Structure formats: structure tokens, C-alpha cells
Amino acid sequence: MIMDTPETWDVVDSKERFRGHIVTMVTDTVKMPRDEVAERDYIVHPGAVAVLALDDQERVLMIRQYRHPTRMLMWELPAGIRDVEGESLVAGAARELAEEAGYRADTWHTLVDLRSSPGMTDERIRVFLARDLTKIETDFVHRHEEIDMPVEWVPLPDAVENALMGMIHNSPAVAGILAAYAASVEGFALLRPADAPEA
């Protein structure tokens, strides 16, 4: 069995290069094997959660949002930054599902854990599977990129095809769609609970 394992190499120096509203850019000088040192630039990120909401017809709820760094309108899962102190990951995911799509889920599982781009950021993303959905009213005010976000229900096999054909590029969406499709083979019986510990 293969498995990622925690390990920390010695950091002999660390410099903060930039601090923004959400992320910080850092350069660490890291002691490498054979006593070499090398500088590694990376972005410190608070992490995120995403929700693959699956209805009783096995359709995936997807939203489309403008992503400025990519200059694209991207099809994504409801998602958000871990920015509420003390909020559990599943509670944050439920909040994002309500705010971005107007749905509540009665059944939650951990679908997949991601490191979005481990060579350049420490960002962790937990993707949840949400089922037994109910449409709800919310007074959440959408701003900026979230204004007029369309919501589409995509059959899970079609979403898989869209991901494999390069029509969906958002990494939590692609990983979540493929993980949900794989998990559906076993009737979702092998999924971890929503409160599973995060590595």
C-alpha cells in the first residue's frame, strides 16, 4: 500500500515576501539531502472545502464562476476558503452549499482530500459528498464573482466525460467528480465519515 506520510526537513531560514488578504508568499531555505540547502518559494493558504452535491437522479450540482488568474468562466463545485474560526470542515461545506447554491444536505461523507499544487502551496482541500438534498431559501448576498452564478445539474457519467475530455479544469471539481464516480461502484459504502481526520 502506498500512502503520503508527514515529514519535515530542517528550515534554516524563512522570509515572508508578501502578505495579502488571503495568502502569504514565503521563501524557506531548506536543508536537503547530502547537506545541501535550497530555497523554496510557496504560498501559505488557509485551505478550502468543496461539495459534490449529488441528487437522487445521480446528477452533480455545478456552478460557473469567473476565475481571474485563469481568465476563464469555470464550472466548479460549491466551495470556499476555511475562513471561519472554529468552524468544522463539514459545517463550512454545508455553509458554502447553502450560500452558493441554495441547498441543504442530510447525508455527508468525506469524498477526497487534495493538496491543490504541493510544489507551490500548502493549500488543503477537502471535498465532501452531500446527498439527500433539499432546496432552501437563503438571505446570503452574492458579491463580485458570485453574482449571477448559474447552477446546472449534470448527470454524473456526463460530468466524468466532461472532465476527461478537458472541458472542466477546476481541480476539486475534477477530483470530486472522478472520486464520486469511483465510489458509486460500491454504493458509496467505502467513503470516510464527514468528520474523518485530515492528514
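Overview of the structure. (Residues numbered from 1 in each chain as written. Predicted model: local features only at pLDDT ≥ 70, side-chain atom pairs only at ≥ 80, totals over all residues. Heavy atoms only, no water.)

Concerning the sheet that holds strand β7 (residues 79–81)
Heads up, the rule is: Being paired, for any two strands, means DSSP has found at least two bridges between them. Where helices and strands are cited, they refer to DSSP runs of H or I of at least four residues and of E of at least two residues respectively, numbered from the N terminus. Residues are treated as being in contact if the distance between any of their heavy atoms lies within 4.5 Å. Every angle, taken between N-to-C directions, lies between 0 and 180 degrees, and every axis is a line fitted to C-alpha atoms, over only the stretch in contact when it is a helix.
An order of β7-β4-β9-β8-β11 is seen for the 5 strands of this open sheet, with the pairing classed as mixed. The two strands at the open ends of the sheet, each matched to only one other strand, are β7 and β11 (192–193). Across 2 bridges, strand β8 (residues 103–115) lies against β11 in antiparallel orientation. Bridge pairing in β11 links histidine 109 to proline 193. Together, β4 (48–53), β8 and β9 (124–135) form the strand contacts of helix α3 (residues 171–184), whose direction differs from that of β8 by roughly 105 degrees.

Section: the nonpolar core
Applied cut-off: By nonpolar core is meant a set of buried Ala, Val, Leu, Ile, Met, Phe, Trp, Tyr and Cys residues that side-chain atoms within 4.5 Å join together. Here's how the labels work: a residue is buried when its accessible area is under 20% of the maximum for its type, exposed when over 50%, partly exposed in between, all with a 1.4 Å probe on protein chains only.
If you look at the biggest cluster of nonpolar residues, it comprises 26 residues, and the most contacted ones within it are Leu52, Val60, Leu111, Val127 and Ile177. Sorting the residues of this core by element identifies β4, β5 (59–67), β8, β9, α2 (156–164) and α3 as the ones contributing at least two each. At 6 residues, α3 tops the list of elements feeding residues into this core. Discounting residues that sit within four places of it in the chain, leucine 111 has contacts with Leu52, Val127, Phe128, Leu129, Gly176, Ala179, Ala180, Leu191 and Arg192. Ile63, Ala101, Trp108 and Phe128 belong to the second-largest nonpolar core, a separate cluster that totals 15 residues.

Section: the pattern of salt bridges
The line we're drawing: For salt bridges, the criterion is a side-chain nitrogen of Lys or Arg within 4 Å of an Asp or Glu carboxyl oxygen.
Taken as a whole, this structure holds 14 salt bridges when the rule is applied. As a salt-bridge pair, glutamate 96 and arginine 95 come within 3.3 Å of each other at their nearest N and O atoms. In this structure glutamate 96 comes out as buried when scored by relative accessible area, which is 6%. Residues arginine 124 and glutamate 198 are paired through a salt bridge, measuring 3.3 Å at the closest nitrogen-oxygen approach. Of this pair, arginine 124 sits in strand β9 while glutamate 198 sits in the segment after β11, and the two are 74 residues apart along the sequence. We classify glutamate 198 as partly exposed; its relative accessible area is 27%. The network of salt bridges with shared partners includes Asp83, Glu87, Arg95, Glu96 and Glu99.

Focus: the sheet that holds strand β1 (residues 11–19)
Reading across the sheet, the 3 strands line up as β1-β2-β3 and stay open at both edges, with antiparallel pairing between neighbours. The open sheet terminates on both sides in strands that have one partner only, identified here as β1 and β3 (37–44). When the angles between neighbouring strand axes are averaged without regard to direction, this sheet yields 20 degrees. One ladder, built from 8 bridges, connects strand β2 (residues 24–31) with β3; its direction is antiparallel. Residue pairing in the sheet places threonine 27 in a bridge with aspartate 41 of β3.

In short, the description is geometric, and any link to function would need to be established separately.
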